[in-house]
Amino acid sequence: MLSDKTRLRIIGLLRQRELCVCDLTEVLGISQPGVSQHMRRLKQVGFVRERKGGQWVYYSLNEEHPLLMLILSQWPAVPEDERRLMQTKGCRAPRTQGSE
């Protein structure tokens, strides 16, 4: 579970704030189905939670997971991912009619 670099990056990004798949696709540069596969694995082990908000699904870290909280303090930050996250439009960007 923790040997996958992409899942490690996702956990690092979720330390900052709740994110949706569209945020993660922009930052990680992988497809929506690819991100969704990683999120499913992270949910299976209880590391992340999901919340539905309108048409979007938002993910956050499960702060009640004892193993995750134990290792999170040792988690390295990925400055490039954090920079990309600050620049992403993701699903927070207002949609114009016909852009869906």
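Quick notes on the rules
- Residues numbered from 1 in each chain as written.
- Predicted model: local features only at pLDDT ≥ 70, side-chain atom pairs only at ≥ 80, totals over all residues.
- Heavy atoms only, no water.
- Core = buried A, V, L, I, M, F, W, Y, C linked by side-chain atoms within 4.5 Å.
- Buried < 20%, exposed > 50% of the residue type's maximum accessible area, 1.4 Å probe, protein only.
- Helix = DSSP H or I, 4+ residues; strand = E, 2+ residues; numbered from the N terminus.
- Contact = heavy atoms within 4.5 Å.
- Pairing = 2+ DSSP bridges.

Draft legend 1. Spatial organisation of the nonpolar core. Core analysis: the largest hydrophobic core is formed by 20 residues, its most contacted members being Ile11, Leu14, Leu24 and Met39. Only helix H1 (5–14), helix H2 (21–28), helix H3 (32–44), strand E3 (56–61) and helix H4 (66–72) provide two or more residues apiece to this core. For Ile11, the residues in contact, after removing those within four places along its chain, are Leu2, Leu42, Phe47, Leu61, Leu68, Leu72 and Trp75.

Draft legend 2. Looking closely at the pairing of strand E2 (residues 48–53). Bridge count between E2 and E3: six bridges; the pairing is antiparallel. Paired with Lys52 across the strands is Val57, a residue of E3.

Draft legend 3. Fine view of the pairing of E3. Alignment of strand E1 (residues 19–20) against E3, held across two bridges, turns out to be antiparallel. Bridge pairing in E3 links Leu19 to Tyr59. In sequence, E2 turns back onto E3 through a hairpin of two residues, with Gly54 there showing a positive phi of about 65°.

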